[in-house]
Amino acid sequence: MNKIQFPKDFLWGTASSGPQSEGYKHKTNDSIWDYWYKKEPERFYNQVGPETTSNVYEQYAEDVSIMKELNLNSFRTSIQWSRLIKDFETGEVDQEAAQFYNRYIDEMIANGIEPMMNLFHFDMPYELEQKYGGFKSRHVVDLYVKFAKAAFELFGDRVKYWISFNEPVAYTKGAYWHNLIYPNEMSMQSYVQANYHILLAHSLIVSAYREGNYSGEIGIVVDLLPPIPRSENPADVEAGRIADLFINLIFMDPCVRGEYDQDYLNILKKHDCMFHYHIEDLEAIKENTVDFIGINYYQPMRVKARDSMPNPFSPFTPEWYYEPYEMPNRRMNEYRGWEIYPKALYDIAMRVKNEYGNIKWYVSENGMGVQGEERFKSKDGFIEDDYRIDFIKEHLGWLAKAIDEGSNCFGYHLWTFVDNWSWTNAYKNRYGLVSLNLDNTERTIKKSGNWIKEAIKNNDFS
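Residues numbered from 1 in each chain as written. Predicted model: local features only at pLDDT ≥ 70, side-chain atom pairs only at ≥ 80, totals over all residues. Heavy atoms only, no water.

A. Spotlight on the nonpolar core. With 144 residues, the main nonpolar core has W81, L84, F135, W162 and L399 as its most contacted residues. The contact partners of W81, leaving out residues within four places of it in the chain, are F88, F120, D123, M124, P125, L128, F135, V140, L143, Y144 and F147. Grouped together as the second largest cluster of nonpolar side chains are eight residues, L11, M116, V221 and Y362 included. (Core = buried A, V, L, I, M, F, W, Y, C linked by side-chain atoms within 4.5 Å. Buried < 20%, exposed > 50% of the residue type's maximum accessible area, 1.4 Å probe, protein only. Contact = heavy atoms within 4.5 Å.)

B. Fine view of the sheet that holds strand β11 (residues 301-304). Taken together, the three strands give an open sheet; going across it, the order is β9-β11-β12, and neighbouring strands pair in mixed fashion. One side of each edge strand has no neighbouring strand; the edge strands of this open sheet are β9 (227-229) and β12 (323-324). In terms of strand pairing, β9 meets β11 through three bridges, oriented parallel. From the neighbouring strand, P227 faces β11, where its bridge partner is M301. (Pairing = 2+ DSSP bridges. Helix = DSSP H or I, 4+ residues; strand = E, 2+ residues; numbered from the N terminus.)

C. Fine view of the sheet that holds strand β17 (residues 409-414). The eight strands are arranged β2-β3-β6-β7-β8-β10-β15-β17 in a closed barrel whose pairing can be described as parallel. When strand polarity is set aside, the average angle formed by the axes of neighbouring strands in this sheet is 25°. Pairing of strand β2 (residues 11-15) with strand β3 (residues 74-78), which is carried by three bridges, proceeds in the parallel orientation. Across the sheet, A15 pairs through a bridge with R76, a residue of β3. Sitting on the sheet, helix α13 (residues 343-355) touches β10 (292-296) and β15 (361-365), and the angle it makes with β15 is about 145°. Relative to the sheet, helix α14 (residues 386-404) contacts β2, β15 and β17, its axis offset from that of β17 by approximately 170°. (Axes fitted to C-alpha atoms, helices over the stretch in contact; angles between N-to-C directions.)

D. Expanded view of helix α8 (residues 168-176). For α8, the buried fraction is high: nine of the nine residues fall into the buried class. When α8 is considered as a whole, its buried residues turn out to be P168, V169, A170, Y171, T172, K173, G174, A175 and Y176. Those residues of α8 hidden inside the fold are in contact with α2 (32-39), α6 (126-132), β7 (161-166), α9 (188-211), β8 (217-222) and α10 (234-257).

E. Examining the pattern of salt bridges more closely. Counted by the stated rule, this structure contains 33 salt bridges. For the salt bridge of R351 with D244, the shortest nitrogen-to-oxygen distance reads 2.5 Å. Of the two residues, R351 sits in helix α13 while D244 sits in helix α10, which places them 107 residues apart along the sequence. Assessed through its relative accessible area of 17%, R351 is described here as buried. Given the relative accessible area of 9%, D244 is considered buried. (Salt bridge = Lys/Arg side-chain N within 4 Å of Asp/Glu carboxyl O.)

F. Broad picture of the pairing of β3. Within β3, five of the five residues are buried, which leaves it mostly tucked inside the rest of the structure. On β3, burial covers both faces: S74, R76 and S78 on one face and F75 and T77 on the other are all buried. Pairing analysis gives five bridges linking β3 to strand β6 (residues 114-118), with the strands arranged parallel. Paired with S78 across the bridge in β6 is N118.

G. The arrangement of the environment of S137 in detail. Looking at the element boundaries, S137 is found in the loop between α6 and α7 (138-155). Among the residues examined, S137 registers a relative accessible area of 11% and is labelled buried. Ignoring anything within four residues of it in the chain, the contact list for S137 reads Y132 and H197.

H. Looking closely at the environment of I250. Position of I250 among the secondary structure elements: in helix α10. Taking the relative accessible area as the measure of exposure, I250 reaches 3% and is therefore buried. Considered as a pair, I250 and N195 are 55 residues apart in the sequence and their alpha carbons are 8.0 Å apart. Ignoring sequence-local partners within four residues, the contact set of I250 consists of V169, Y191, N195, L199, L245, Y260 and Y264.

I. Highlighting the packing of aromatic side chains. For the structure shown, the criterion picks out 54 aromatic pairs. With a centroid separation of 5.0 Å and 85° between ring planes, the pair formed by F152 and W162 is classed as edge-to-face. On the criterion of sequence distance, the pair formed by F152 in helix α7 and W162 in strand β7 is long-range, its members being ten residues apart. The residues F152 and W162 share a single accessibility class, namely buried. Note on F292 and F410: the rings are 5.9 Å apart at their centroids and 90° apart in plane angle, and the pair reads as edge-to-face. A residue pair is termed long-range when its members are at least 10 positions apart, and F292 in strand β10 and F410 in strand β17 qualify at 118 residues. With respect to burial, F292 and F410 carry one shared label: buried. (Phe/Tyr/Trp six-rings, centres within 6.5 Å; stacked < 30°, edge-to-face > 60°.)

By themselves, these observations are geometric and do not establish any function.
Printed below as a string of structure tokens:
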């Protein structure tokens, strides 16, 4: 039996976000999720919205205590822009929100949990979406910088890991391409422009963080989906290359290398959807590359050349050049509809090593969502989620192999700690090491939680 070993100072943790865990209580402003749920509750599974979520606003100390019990040494969550800031134009801070985040951060540190704070997790303030169109607006970039500076000033003395954005492509795809996130606007021009402004906002707050002489590090979290062509046929290989440009490289390249891939820009110009920019902004992007990268990985991205030409009257999307490929007999998480392919984590690690200068990185999300987990409850009342343990073991095995081969990976964060609210899917699929009773918000450690407790204690597993 092989033993899988990890580095001595490896960060073992979980990840969540403010809008998915804190709930709506005591917020001055709405996020797009708060507004959208009030407007169209039928879009949300079982019409469960973000009012309470996991009630972390009131139960954060209990959660941190369980994290300590499970030997977790780090945790990523996000600071809600719509909670921390009272007046978006001036950047005035809501003092009650500041006190909450201070208590939360201090509680983590007191219990040996390294806080990793993210500033944007799909949760644009509704007022800024309504007035300006969110990140389609250059003005919103400036307002975001005010928010970030306020967070740095309030918490930068204790938080040593900062993240500018979580999965920006997933956010913009959902909002402007795939009709999954408010404002549900199907526009490639909006997708491209919002991505550019998010990148600019990221670069400007990296600059602001370094100008503040804080003692930590700042990076970004991306969902680097490995594009796997159906075959080695040149048409399939080219399909994979184009998918890579639009899904992965639009943030990896400028955030690590300081500039866009020229082929990406050429395609935008060809289809008349190039983003609007200022030359000085491109300099800011070039000068403010990241200290580290977080990479979220759940499933691979298999692609193929299109079987038919796109409708010439339909709006342009990158899928004019490729389409998804469903490999026969692929291994599936049947509950979520996602392929299970652990080796991709090794492939990601090698790509970061070989193509991006072996920059410091960590697995910022990885996990398995399962519907109807109460079916696996033992007579003692806890979830026996052996499927999740197997999922984690396999992914960690490939990650350990990559680290042994020189990958500069410093941590692994499972999604998530306690079952949390998953946007329009609400609580349909459960991801946590700890189960949540929706009736009374009671927490109960699952079998996977007890398994990872022992793995972290020994820093290895068989």
